[in-house]
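# Survey of secondary and tertiary structure
For reference, the chains in residue letters:
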Amino acid sequence: MPLARSLSVTSLSGLEEWDEEFDREDAVLFEIAWEVANKGVHVSFLGYDVSMLMYHSLYERQSSTRNQILLLFSHHKNLYVYFGRWLIEGSPYVILLDVGFTAWSLDRWKIELWENFSIGVPWFDREANDAVLFGFLTAWLLGEFAAQCDEPPHIVAHFHEWLAGLGLVLCRQRQLPVATIFTTHATLLGRYLCAGSVDFYNKLAEFNVDKEAGDRQIYHRYCLERAAARCAHVFTTVSQITAVEAEHLLKRKPDIVTPNGLNVKKFSAMHEFQNLHAQSKARIQEFVRGHFYGHLDFNLDKTVFLFIAGRYEFSNKGADLFLEALARLNYLLRVNHSEVTIIAFFIMPARTNNFNVETLKGQAVRKQLWDTAQTVKERFGKKLYESLLVGQLPDVSKMLDKEDFTMMKRAIFATQRQCLPPICTHNMLEDSSDPILNCIRRIGLFNSAQDRVKVIFHPEFLSSTSPLLPMDYEEFVRGCHLGVFPSYYEPWGYTPAECTVMGIPSVSTNLSGFGCFMEEHIADPSAYGIYILDRRYRGVDESCNQLTSFLFQFCQQSRRQRIIQRNRTERLSDLLDWRYLGRYYVSARHMALAKAFPDTYIYEPQEPTSATGFRYPRPASVPPSPAHSLHSSPHHSEAEDEEEPYDEDLEVEKDRVNIRQPFNLPNRNKNQTVGLPEKN
């Protein structure tokens, strides 16, 4: 019988029980974000209405809360609001505000912003102007909601990023009965500074923040973000390294760190995520067959797929370091006469005008070859069937006639190619100045036959409807072997986190929130497929050599070793589950209530508890006994090392030793007493 995954992190020994939801009956929680992208159940979201299409994603519901919200707008003909449930997992209540209907108030509100806070917003910054409209609308709605409550309300408003921050500042200035939280997922100035190739982390304490923001023409935005951070009852960041950044740039030390989690999908069937990997990998291999037609001189069974994905920030995301490491890896594989081929995908959206003709032709040629093979197979099978019916063994030399050979020769002729397989799958609008393409030209990785490292740049987000690579991002990630994210500036790092919960090893850095989080919780992250690159205490060349070493070692693994490593990586998924990380958000909200309503809620700082460690539950991907470990892969390979010992009990014991006790937040007192740590 297959083993079922545990459905709760509280089954892990060493973790205390914790109420997962903010379920106080005497408090109302609002989350305010510019783009409604979070997920929840017992919260209301305020978001800027980006387009009318957002309305069709809502399911209208009748309730006293809905009627109360709609009542607020019934007397204001110049306001436009949508209220309902968002049709995503959790079905949270959503309030969408259309700021376009209040644009006539922009000048008046900007004057008020200048008179009260000395923050001037220039007329040409449309995004900042929209943030002003959204901020005043949010503050107005929260104020009206509080005024219409029968009893004095206890409202918690959680604001995300600078675009929503003005609403928080106005709530404090108007002295509304609202407990406020401000979370910065990445400081605005920090992102701009890193994009300018400065020695950011070593000079954090030396920056003249006002001058730096002014030089980049974002001083008004910086002021909005800094005001929100300073005015909030509770200020949080998504990682410890961003907390240090915020302390220097926003001039306030965060009260608590609230890491970002994921909704981890559990499998009840053994090996299910390994099966998904095999299926997705086969689809990527089909794309590769078409892309490299005419130059498919490498063994796909000995090919490793690497990828980097995210916003096109060439240096911040570490694409520059990845490319340089690939050039060095290519040299190592060639001089060592390795049979392994590396295909590195760059999934980063850039300005394009269409698909590359040569790339589309490759997929068409592949399909033509497949159709030809299917036709010949059917003709061959029919002749074989007729021969067996009359009781004769077939004459194999006569099974394929002249027409069959003609069809196959035409198909082979169609695979002739006079050029190398393309690097980029699309026609770039700024080909000559594109950072990735220029770097590839410099290092000379042109997908030639001599290169053991091939590069494919896909400057568009993946989609299952694409005629080129019809795969969703999640399917693509599952089909790859290693995600490489050597970021210089990465406040959290969703991409390596997504790899982890899918059981795909990844490379991160000690300058990313995810990398620091894993180093904090795991004694030896590389044993679990989490390679942490040192970009904080090493120079660029040293970091590049370390990354090259990581990649070269990964290439030397057998297929069986990669399977075992994926099992170990998937075992870490509970650490990133919202069921665990959500407790930090709950704690921030209770801390805000204690600060905003001290007569009702009590805040008692406590020191964190200590523990020696805890044991992870056995993942469904790993068999329960060593007797079955030889066939842990759904597709057994003859190339696997059958003599390699693998003891599941020993593996779990290693987990118990290596995985450190996460920081425990103490239980909430049932009589409204809130016990929280002084620092995270």
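Residues numbered from 1 in each chain as written. Predicted model: local features only at pLDDT ≥ 70, side-chain atom pairs only at ≥ 80, totals over all residues. Heavy atoms only, no water.

Under the annotation held in an unreviewed UniProt entry, the protein chain carries the name Glycogen [starch] synthase and is attributed to Sinocyclocheilus grahami. A UniProt comment under Catalytic activity (unreviewed entry) is attached to the protein chain, and it reads "[(1->4)-alpha-D-glucosyl](n) + UDP-alpha-D-glucose = [(1->4)-alpha-D-glucosyl](n+1) + UDP + H(+)". The protein chain has a UniProt comment under Sequence similarities (unreviewed entry) that states "Belongs to the glycosyltransferase 3 family." (UniProt positions renumbered as here; feature names shortened; annotations may be inferred.)

### Focus on the pairing of strand β11 (residues 341-347)
Of all seven residues that make up β11, seven are buried, and the element is covered over most of its length. Of the two faces of β11, the one lined by T341, I343, F345 and I347 and the one lined by I342, A344 and F346 are each fully buried. Bridge analysis of strand β10 (residues 303-309) against β11 gives seven bridges, and the strand direction is parallel. When the sheet's bridge partners are listed, F307 is paired in β11 with F345. Regarding topology, helix α10 (residues 319-335) serves as the crossover connection from β10 to the parallel β11, and that connection is right-handed. Relative to strand β14 (residues 453-458), β11 runs parallel, the two sharing six bridges. (Buried < 20%, exposed > 50% of the residue type's maximum accessible area, 1.4 Å probe, protein only. Helix = DSSP H or I, 4+ residues; strand = E, 2+ residues; numbered from the N terminus. Pairing = 2+ DSSP bridges. Right-handed = clockwise from strand over helix to strand, strands pointing away.)

### Points about a nonpolar patch on the surface
Together, Y385, L389 and V390 give the surface a local cluster of nonpolar side chains, amounting to about 350 Å² of exposed area. For Y385, the position within the fold is in helix α11 (residues 357-389). For Y385, a relative accessible area of 52% gives the class exposed. (Patch = residues over 30% accessible without salt bridge, like charges linked within 9 Å, V, L, I, M, F, W, Y side chains within 5 Å. Areas by Shrake-Rupley, 256 points an atom, 1.4 Å probe, with all protein chains shown as cover. Salt bridge = Lys/Arg side-chain N within 4 Å of Asp/Glu carboxyl O.)

### Considering the sheet that holds strand β17 (residues 530-533)
Spatial ordering of the open sheet is given by β14-β11-β10-β15-β16-β17, a layout of six strands whose pairing is parallel. Edge positions in the open sheet fall to β14 and β17, since each of these has one partner strand only. Across this sheet, the average inter-strand angle for adjacent strands is 25°, counted without regard to direction. Of the strand pairs in this sheet, β10 and strand β15 (residues 482-484) are connected by two bridges, and their pairing is parallel. Each residue of the ladder has a partner; that of F307, found in β15, is G483. Those strands touched by helix α18 (residues 540-555) are β10, β11, β15, β16 (506-509) and β17, and its axis lies near 160° from that of β17. (Axes fitted to C-alpha atoms, helices over the stretch in contact; angles between N-to-C directions. Contact = heavy atoms within 4.5 Å.)

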